[in-house]
Structures are given as structure tokens and as C-alpha cells.
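Examining the three-dimensional arrangement
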Amino acid sequence: MGFNLTILGSGAATPTLKRGVTAQYLNFNERKILIDCGEGTQLQLRKFKVSFQRIQYIFISHLHGDHYLGLLGLLSSMHLLGREKAIHIFAPPELKEILETQFKLTYVKLKFEIIYHDLNFKAKTLIFEDNSIEVHAFPLKHRIPCYGFLFKEKLKERTMIKSKIKALDLKIPEIVKLKASQNVARENGEVLNYLDLTHEPPKPITYAFCTDTKYIENLKETLFKVDLLYHEATFVHQLLDRAKATYHTTAFQAASLAKQAEVGKLLLGHFSQRYSSTTDIEKEAQAVFENTVCVKDGDQFLLG
Ligand SMILES: [Zn+2]
């Protein structure tokens, strides 16, 4: 259980020997998730020792090449290596046509099913949930339709105060009730109050992924107090005009958003190829929001 994020690609536009293009692997309470899949992602998965056949869910932010062109190769490799388990893909609706056209024209019949979930929303929408996590998509502002993702852990049960179990000779059905925030009435008339016998559950973990986008000030509501925020910072603020023209964000803007949203930690990525070092980007952001890191391929972030 827990949260383990691996950065597979942290550069913008084209893959280079130093940085892959956008892709992240997230193991969140044993849900195996791929977020974006730029060209070369399957090699990055191998390099960073992620078993790609175990991926269950793929979330694609938008259909610029540096965010999805690796998908066809990855799905083809899954097929060649004998995958039979279905995979869920959450993406703008055009992706289905792109993939299915390619498979059809090349006479490929995949051994596994792709279950498509269209992203086509004007406001924040719940797109996935199970008994442990939920995922929301929200629109960003880019040259083509683009979505951010908010991954939220569901509130866990309360935990027992160990010493009370023995002291009160608690039975399993009683423990189950107490952990579910219910009081227990015993046969002798005694009422056990769950607040006296259990600890608060741990705070649910939250992670938000935002790329590619113009600076959107009111995203601070969606991102409010997330533990970890990944936000693109394609340029330094000196190139604000360039950022505006290409619908991207500067390091200063990303850090301002993190500050206003009171997030726990800010991860920056999607750096323009013009930067051979991220020192200036990181400095600029840290001046506004101190707990900021410019990510590199292979970086891992653990929570919980
Ligand atoms: Zn883009």
C-alpha cells in the first residue's frame, strides 16, 4: 500500500538522451497507473524497472505527440509479450480513432481489450473510483483540449488502540464496528464509544498532475492542500510572452499557484529543450514556494 510516483520523462517536445518526454508511473495503493505516454516510454519503464504488463490504467492529458506517441509502441509490446488482461485508457475521444485505425490498417488484433473512457468535460469530473482511490479530471488551458488529473485516496478506517482490545476483551465484530466509527452496545448494557477506543484514520493522500497549460489562477481551488503537485514549468518568467503564446506556464507562475493552493510539495517538469540545466527554473520557483523540486527522469516520490 502507499503512494510511489516514478518520473519516466521530464522534458518537453522531443525525447533526448538526457530527458524523456512526459510520462509518469504511479503505484497508488497497488493501483498501477501510467500518466501520459510520450515516445520512448516503454524503454523508460524498462530502465526504471517497472513491469509494464502490470499497468491497469492509463491517463492521457492531451494529444500532443510528446504526451501520447509512445502509447502505440507500448500497447504493441504488451500484445507481443502475451498480455491478456484488459487495460483502461482515459483520454480525449480522438485517441480511440487514432489507435483503432492503426490496428485496423495493420491487421493487428490485440489479445487484450482496451476499455476507452472519453475525457470531454467543461468542469472537474470524477472519472474513476474504487474502494481505495478516486481520480478526477479537470480542464486545463492549452492549444488543444487538455486535462489535469487529481488522484485522491479515500478515507481509511479508524485504527484500534491496541491496549483496549485486550483490556475490554473486544470481539472481532465489535472491532469491525468501532473501526467504522460506530458505537457498540454490549449485552450487559455497556456502550463502547468508538472515539475512546480508536485513533483517527491517517490523512488521505492527494496528488495532482497539471501539464500542459497556461497559468490558471483559479485552479487553486481544485489543487487546494494537495500533498504533491506536479506542474509544468516549460519556461522561466523572462520568457512569459513565449509561455503565453504557446499556452505554457513559467516557473514563477507554477510556484505562485502552489503557494496559493497551499500544497505540500511542488514538482516541476516539462522543461523546454533550451535549458541544459534547471538551476534557474528551480531558483525562480523556490523564491516563491520553497518546497519545490525540478524533477529528473527516474526520480521517485513516496508518500504515506
Ligand atoms: Zn502540449
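First things first, this report covers the structure right here in the doc. Keep in mind that what you see is a predicted model, and the values were worked out from it rather than measured.

A word on the coordination of the zinc ion
Looking at the zinc ion, the protein donor atoms are His62 (NE2), His64 (ND1), His142 (NE2) and Asp212 (OD), and they sit 2.3 to 2.4 Å from it. Coordination at the zinc ion is irregular: its four donor atoms span angles of 85 to 173 degrees at the metal. Sequence positions of the residues that donate to the zinc ion give the spacing H-x1-H-x77-H-x69-D. In this pair, His64 is assigned in the loop between strand 4 (57-59) and helix 2 (65-68) and Asp212 in the loop between strand 14 (206-210) and helix 8 (219-222), connecting sequence segments 148 residues apart.

As for the packing of aromatic side chains
The full count for this structure, using the stated rule, is 12 aromatic pairs. With a centroid separation of 4.6 Å and an interplanar angle of 55 degrees, the aromatic rings of Tyr57 and Phe128 are classed as tilted. Taken together, the residues Tyr57 in strand 4 and Phe128 in strand 7 (residues 125-129) connect sequence positions 71 residues apart. For Tyr57, a relative accessible area of 13% puts it in the buried group. Members of the aromatic cluster, each reached through a chain of ring pairs, are Phe3, Phe28, Tyr57, Phe59, Phe90, Phe128, Phe149, Phe151, Tyr207, Phe209 and Tyr230. Seen from the ring of Phe112, Arg83 lies directly overhead, with NZ or CZ sitting 5.6 Å from the centre.

Concerning unusual backbone geometry
In this structure, the amide linkage connecting Thr211 to the following residue, Asp212, adopts the cis form with an omega of -15 degrees. Despite not being glycine, Asp36 shows a phi value in the positive range, around 60 degrees. Tracing the backbone shows Asp36 in strand 3 (residues 31-37). Despite not being glycine, Tyr107 has its phi angle at roughly 55 degrees, a positive value. Following the sequence through the fold, Tyr107 ends up in the loop between helix 4 (94-105) and strand 6 (114-118).

Comments concerning the sheet that holds strand 9 (residues 147-153)
The strand order across the open sheet built from seven strands is 7-8-9-14-15-16-17, with neighbouring strands paired in mixed fashion. Each having just a single partner strand, strand 7 and strand 17 (292-294) make up the two edges of the open sheet. Across this sheet, the average inter-strand angle for adjacent strands is 20 degrees, counted without regard to direction. By the bridge criterion, four bridges tie strand 9 to strand 14 in an arrangement that is antiparallel.

Re the side chain of Thr222
In this structure, Thr222 sits in helix 8. Discounting residues that sit within four places of it in the chain, Thr222 has contacts with Lys124, Phe138 and Leu150.

Some remarks on the environment of Thr211
Of note, Thr211 is situated in the loop between strand 14 and helix 8. Along the sequence, Thr211 and Leu303 sit 92 residues apart, while their C-alpha atoms lie 21 Å from each other. Those residues in contact with Thr211, other than ones at most four positions away along the chain, are Thr22, Asp36, Ser61, His62, His67, Leu140, Cys146, Tyr147, Tyr230, Glu232 and His270. There is a polar contact of 2.6 Å between the side chain of Thr211 and the side chain of Asp212.

Remarks on the environment of Ala251
Examined against the element boundaries, Ala251 turns out to sit in helix 10 (residues 251-260). Judged by relative accessible area, Ala251 falls into the buried class, the value being 0%. Taking C-alpha positions, Ala251 is 4.8 Å from Ala233, a pair spaced 18 residues apart along the chain. For Ala251, the contacting residues outside a window of four places in its chain are Ala233, Phe235, Leu268, Ile281, Glu284 and Ala285.

A word on the sheet that holds strand 4
On the basis of which strands lie adjacent, the open sheet formed by seven strands has the order 6-5-4-3-2-1-18 and mixed pairing. In this open sheet, the two edge strands, each paired with only one partner strand, are strand 6 and strand 18 (300-303). Strand-to-strand, the axes of this sheet are offset by a mean angle of 20 degrees, without reference to chain direction. Of the strand pairs in this sheet, strand 1 (residues 3-9) and strand 18 are connected by four bridges, and their pairing is antiparallel. Across the sheet, Leu5 pairs through a bridge with Phe301, a residue of strand 18. In this fold helix 3 (residues 71-80) packs onto strand 3, strand 4, strand 5 (87-91) and strand 6, with an angle of close to 170 degrees to the strand it touches most, strand 5. Taken strand by strand, helix 4 contacts strand 5 and strand 6, and its axis lies near 150 degrees from that of strand 6.

A few points about the pairing of strand 15 (residues 228-232)
By the criterion of burial, strand 15 is predominantly enclosed, with five of the five residues buried. Pairing analysis gives four bridges linking strand 14 to strand 15, with the strands arranged parallel. Residue pairing for strand 15: Tyr207 is matched across the bridge by Leu228.

Rules and cut-offs
- Residues numbered from 1 in each chain as written.
- Predicted model: local features only at pLDDT ≥ 70, side-chain atom pairs only at ≥ 80, totals over all residues.
- Heavy atoms only, no water.
- Donors = N, O, S within 2.8 Å, 3.2 Å for Na, K, Ca; no water.
- Tetrahedral: all angles 85-135°; square planar, octahedral: opposite > 155°, others 65-115°.
- Helix = DSSP H or I, 4+ residues; strand = E, 2+ residues; numbered from the N terminus.
- Phe/Tyr/Trp six-rings, centres within 6.5 Å; stacked < 30°, edge-to-face > 60°.
- Buried < 20%, exposed > 50% of the residue type's maximum accessible area, 1.4 Å probe, protein only.
- Lys NZ or Arg CZ within 6 Å of the ring centre and 35° of its normal.
- Pairing = 2+ DSSP bridges.
- Axes fitted to C-alpha atoms, helices over the stretch in contact; angles between N-to-C directions.
- Contact = heavy atoms within 4.5 Å.
- Polar contact = N/O pair within 3.5 Å; in protein donor to acceptor, adjacent residues only side chain to side chain.

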